[in-house]
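# Coordinates in review
So you can see what is in the structure, the chains are spelled out below.
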Amino acid sequence: MADKIKDAKIIFVVGGPGSGKGTQCEKVVAKYGYTHLSSGDLLRAEVASGSERGKTLQAIMQKGELVPLDTVLDMIKDAMIAKAGVSKGFLIDGYPREVKQGEEFEKKIGAPCLLLYIDAKGETMVKRLMKRGETSGRADDNEETIKKRLDLYYKATEPVITFYTSRGIVRKIDSELPVDEVFGHVAKAIDDLK
Ligand SMILES: Nc1ccn([C@@H]2O[C@H](COP(=O)(O)OP(=O)(O)OP(=O)(O)O)[C@@H](O)[C@H]2O)c(=O)n1
Ligand SMILES: Nc1nc2c(ncn2[C@@H]2O[C@H](COP(=O)(O)OP(=O)(O)O)[C@@H](O)[C@H]2O)c(=O)[nH]1
Ligand SMILES: [Mg+2]
């Protein structure tokens, strides 16, 4: 596993709920052809399958809590293996959510060369998620769960950014700007990798 993806770049995309991670990842896919793996989407696919495991996951996600680390990591790993050898880069969106998740990822898969920190203000994220909730059909895009996800982000995920900043791979992206301007900065960070 590790050698098959050894030449592929691994990029962590981290930011609060509704900061615009998914939006930017789609644009990176269009321009660079990287493989986008959203940990939240992988989990929602498992829920949609109706499996027993999916039912357990749904209950956790509806509360805005984190699902067990091994579950998410196994899903990401399987999805990466499926693309190993054909992908020149992986965007790991919404992961790691806590420092421990990052450490386990590196043990089992490999080290990231870049962490894109998609940064928006708390009130901006809440506004975007409430709007997205009108059409997303996501059980967690409601006021109460949004608040919990935001609290957990500040508590558990911000330390991830501190951790990788000390390694010198964090690029902070201002996500308050219009989408295309945000993408300009994202593209610059990726171009600088080469
Ligand atoms: N590594 C991850 C990723 C997701 N989740 C669970 O899946 C939910 C939704 O994740 P995600 O889609 O990444 O949500 P957000 O980042 O909050 O929102 P968005 O889709 O807007 O990125 C989280 O609240 C959490 O319960 C998790 O436990 N561990
Ligand atoms: N105004 C504005 N809205 C954005 C921007 N990026 C994302 N959005 C909107 O904010 C919501 C959340 O974006 P999404 O990409 O799903 O964020 P994620 O939760 O970080 O994956 C979506 O409804 C987007 O349309 C941005 O740069 N500017
Ligand atoms: Mg998303």
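Numbering of residues begins from 1 in every chain and follows the order in which that chain's sequence is written. Here the convention is simple: chains get letters from A, ligands get numbers from 1, in the order in which they are written. For this predicted model, a pLDDT threshold of at least 70 governs which residues receive local features, and a threshold of 80 or more governs which side-chain atom pairs are given and counted, while totals over whole chains, interfaces and linings are taken from all residues. Excluded from the side-chain calculations are hydrogens and water; all other atoms, namely the structure's heavy atoms, are used.

### Notes on the site of ligand 1
Note the threshold: Near, as used in this document, describes a residue that has one of its heavy atoms within 4 Å of the molecule or strand being considered. Contacts described as polar in this section are N or O atom pairs within 3.5 Å, which, within protein, must combine one atom able to donate a hydrogen with one able to accept it, while residues neighboring in sequence count only if both atoms come from side chains. All accessible areas in this document rest on Shrake-Rupley with a 1.4 Å probe, and a residue is counted as covered only by the protein chains that are shown. The numbering of helices and of strands both runs from the N terminus, where a helix is a DSSP run of H or I of at least 4 residues and a strand a run of E of at least 2. Residue type decides the class: Asp, Glu, Lys and Arg count as charged, Ala, Val, Leu, Ile, Met, Phe, Trp, Tyr, Cys and Pro as nonpolar, and the leftover types, Gly among them, as polar.
In the vicinity of ligand 1 there are 20 residues, among which Arg-44, Glu-65, Val-67, Arg-132 and Arg-138 approach most closely. Taking Lys-21, its side chain carries an N or O atom lying 3.1 Å from an oxygen atom of ligand 1. One of the side-chain nitrogen or oxygen atoms of Arg-132 is found 2.5 Å away from an oxygen atom of ligand 1. Summarising the interface, the protein chains cover 95% of the accessible area of ligand 1, which totals 560 Å² for the free molecule. When residues of the shell around ligand 1 are assigned to their parent elements, the largest contribution, four residues, is made by helix H2 (residues 39-48). Grouping the amino acids of the shell around ligand 1 by side-chain chemistry returns seven nonpolar, five polar and eight charged.

### A look at the site of ligand 2
Surrounding ligand 2, one finds 14 residues, the nearest of these being Gly-18, Gly-20, Lys-21, Thr-23 and Arg-132. Burial of ligand 2 by the protein chains amounts to 70% of its free accessible area of 580 Å². Of all the secondary structure elements, the ones that give two or more residues to the shell around ligand 2 are helix H1 (21-32), helix H6 (122-136) and helix H8 (179-191). When residues in the shell around ligand 2 are grouped by element, the largest group, three residues, is from H1. Residues belonging to the shell around ligand 2 are distributed by class as follows: four nonpolar, seven polar and three charged.

### Some thoughts on the sheet that holds strand S2 (residues 35-38)
Our working definition: Any two strands between which DSSP finds at least two bridges are classified as paired. Interaxial angles span 0 to 180 degrees and are taken between N-to-C directions of axes, which are lines fitted to C-alpha atoms, for helices over the stretch in contact.
With parallel pairing, five strands are arranged side by side in an open sheet as S2-S3-S1-S4-S5. Only two strands of the sheet have a single neighbouring strand rather than two, namely S2 and strand S5 (170-174). Geometrically, the sheet is characterised by an average inter-axis angle of 20 degrees between neighbouring strands, direction not taken into account. Examined bridge by bridge, strand S4 (residues 114-119) and S5 share five bridges and lie parallel to one another.

### Thoughts on the side chain of Lys-21
The criterion, for reference: Contacts are residue-level and defined by heavy atoms, with any inter-residue pair within 4.5 Å sufficient.
Inspection of the secondary structure puts Lys-21 in helix H1. Beyond its immediate chain neighbours, meaning those up to four positions away, Lys-21 contacts Val-13, Val-14, Gly-15, Gly-16, Asp-93, Gly-94 and Ile-118.

### Some details on the UniProt feature "binding site: AMP" (unreviewed entry) in the chain
Heads up, the rule is: UniProt positions are given in the numbering used here, feature names are shortened, and annotations may be inferred rather than shown by experiment. Exposure classes here rest on a 1.4 Å probe applied to the protein chains alone. A residue is buried below 20% of its type maximum, exposed above 50%, and partly exposed in between.
What UniProt calls "binding site: AMP" (unreviewed entry) maps, in this numbering, to Ser-39, Arg-44, Glu-65, Leu-66, Val-67, Gly-94, Tyr-95, Pro-96, Arg-97, Gln-101, Arg-138 and Arg-149. The named residues occupy 111 residues along the chain; their greatest pairwise C-alpha distance, 23.9 Å, places them well apart from one another. When you line up the elements, Tyr-95 lands in the loop between strand S3 (89-93) and helix H5 (99-108). Its relative accessible area of 0% is what places Tyr-95 among the buried residues. Discounting chain neighbours no more than four positions away, the residues touching Tyr-95 are Phe-12, Val-13, Val-14, Ser-39, Val-72, Leu-73, Ile-76, Gln-101 and Phe-105. Looking at Tyr-95, its side chain comes within polar contact range of the main-chain oxygen of Gln-101, at 2.7 Å.

### Comments concerning the nonpolar core
Condition: As used here, the term nonpolar core means buried Ala, Val, Leu, Ile, Met, Phe, Trp, Tyr and Cys residues forming a set that is joined through side-chain atoms within 4.5 Å.
In terms of nonpolar packing, the biggest core is built from 31 residues, with Ile-10, Phe-12, Met-80, Ile-92, Phe-105 and Leu-115 touching the most fellow members. Of all the secondary structure elements, the ones that give two or more residues to this core are strand S1 (9-15), helix H3 (52-62), helix H4 (69-83), S3, S4 and helix H7 (143-165). Here the element with the most residues in this core is H4; it accounts for seven residues. Those residues in contact with Ile-10, other than ones at most four positions away along the chain, are Ile-5, Met-80, Phe-90, Ile-92, Phe-105, Ile-109, Gly-110, Ala-111, Pro-112, Cys-113 and Leu-114. Formed by 17 residues, the second largest nonpolar core is a distinct cluster that contains Ile-11, Cys-25, Val-28 and Tyr-32.

### What to know about H7
Each turn of an α-helix holds 3.6 residues, which means side chains three or four residues apart point in the same direction. The condition that has to hold: Multiplying 1.5 Å by the residue count of a helix minus one yields the expected span of that helix. Two axes are fitted around each residue, one to the seven residues ending there and one to the seven starting there, and the angle between them is reported as the bend at that residue.
Taking 1.5 Å per residue, 23 residues should reach 33 Å; H7 reaches 31 Å between its end C-alpha atoms and fits that length. The largest bend along H7 measures about 40 degrees and falls at Tyr-154. Those residues of H7 not exposed but buried are Thr-145, Ile-146, Arg-149, Leu-150, Tyr-153, Ala-156, Thr-157, Val-160, Ile-161 and Tyr-164.

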